[in-house]
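# Observations on the three-dimensional arrangement
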Amino acid sequence: MTADERRGTPVGRRVVLGVLALGAAGVAVGARVQKATDGVLATVASKDPTGLTGLLPGGGGFRFYSVAASVPHRSADNYRLTVDGLVERPTTYTLKQLKEDLPSTRLVRDVQCVTGWRVPQTAFTGVLLSDVLAAAGVRPGAMALRFTCFDGVYTESLTLEQARRPDMLVAYGMRDEPITDAHGGPVRLYAAPMYFYKSAKWLAGITVTDEVTPGYWEKRGYDVDGWVGSSNGRDDHPTS
Ligand SMILES: Nc1nc2c(c(=O)[nH]1)N[C@H]1C(S)=C(S)[C@@H](COP(=O)(O)O)O[C@H]1N2
Ligand SMILES: [Mo]
């Protein structure tokens, strides 16, 4: 089934309607975000160290995080992912190409945010980062990946070795549905063995680099190596 067919089918979950009020920014975006969150009610309770936070009921305990002031939207048709830097074949993928040109992988793991909340056994579907890298042809001297997002703000990083693990996905599906705007769709990173801050939402670019460029939260004190368990609860540790 193509993305467009999926988008054309009735969305059963679109029963709970609500307004995502971006409290910390003092902005109530209203109807646009309501649509963007696929009708999931979200009420922002507090500002969290990792960004604006709201529990997403019907979302299995997920919280909404964005350091940007609004939920960016890119349709399935307009979405592009660029792969560049130290590669033989810089590439731009449409969502369709990602789905059709590369093998699909489904992972079911616990999602763990560094601030403590966890969503057990969540399915993510997408293409392995290692397949994206193999298709582009990694050049000698490559050591790391830098991820950019179409929110224009967030960035992330992985070492090349981490990126080649079999549990690192460029994801287009979450819980066997297209990824919603609120959850970073149509395409986000899913770094399964790491805290969820590594899983950059609204993924726009992958640049292969010769060294690690710390991401948004990493410049603000988070561990660059975000392995679950290695920094549990240290969401307030100082920049060093
Ligand atoms: N572009 C972008 N990606 C992001 C973030 C963000 O603020 N912007 N927050 C990160 C953090 S701290 C978490 S816990 C997860 C939250 O994902 P969710 O909103 O789908 O629950 O996204 C991660 N990826
Ligand atoms: Mo997080």
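To start, this report covers the structure provided alongside it.

Procedures and definitions
Residues numbered from 1 in each chain as written. Chains lettered and ligands numbered in written order. Predicted model: local features only at pLDDT ≥ 70, side-chain atom pairs only at ≥ 80, totals over all residues. Heavy atoms only, no water. 1 Å grid on protein atoms, 1.4 Å probe; cavity = no way out; pocket = protein on both sides within 12 Å on 5 of 7 lines; lining within 4 Å. Points joined across faces, edges and corners; volume = space filled by probe spheres on them. Helix = DSSP H or I, 4+ residues; strand = E, 2+ residues; numbered from the N terminus. Nonpolar A, V, L, I, M, F, W, Y, C, P; charged D, E, K, R; others polar. Phe/Tyr/Trp six-rings, centres within 6.5 Å; stacked < 30°, edge-to-face > 60°. Buried < 20%, exposed > 50% of the residue type's maximum accessible area, 1.4 Å probe, protein only. Lys NZ or Arg CZ within 6 Å of the ring centre and 35° of its normal. Arc of directions from axis to C-beta.

### Considerations on empty space enclosed by the protein
Where empty space is left becomes clear once a probe the size of a water molecule has been rolled over the atoms. Taken as a whole, this structure holds one cavity of 30 Å³ or more when the rule is applied. Here the largest cavity defines a volume of roughly 260 Å³. Lining the largest cavity are 19 residues, with Y65, Y154, R188, F196 and K201 positioned closest to its centre. Per-element tally for the lining of the largest cavity: the top contributor is strand β5 (residues 63-66), with three residues. Classifying every residue of the lining of the largest cavity by side-chain character gives eleven nonpolar, four polar and four charged.

### Examining the packing of aromatic side chains
Taken as a whole and judged by the stated rule, the model has twelve aromatic pairs. Taking 5.7 Å as the distance between ring centres and 15° as the angle between the ring planes, the aromatic pair formed by Y65 and W117 counts as stacked. Taken as a pair, Y65 in strand β5 and W117 in the loop between β8 (105-112) and β9 (118-128) lie far apart in primary sequence, 52 residues in all. For the pair Y65 and W117, a shared accessibility class is recorded, and that class is buried. Aromatic pair Y195 and Y197: ring centres 6.4 Å apart, planes at 10°, arrangement stacked. Three or more aromatic residues joined by ring pairs make a cluster, and in this case those are F62, Y65, W117, F124, Y190 and F196. Positioned over the ring face of F150 is R74, at 4.4 Å from the centre of the ring.

### Description of helix α4 (residues 129-136)
When α4 is considered as a whole, its buried residues turn out to be L129, S130, V132, L133 and A136. Along the axis of α4, the buried positions cluster into a sector of 160°, meaning they face one direction only. G137 sits one or two residues past α4 and shows a positive phi near 80°.

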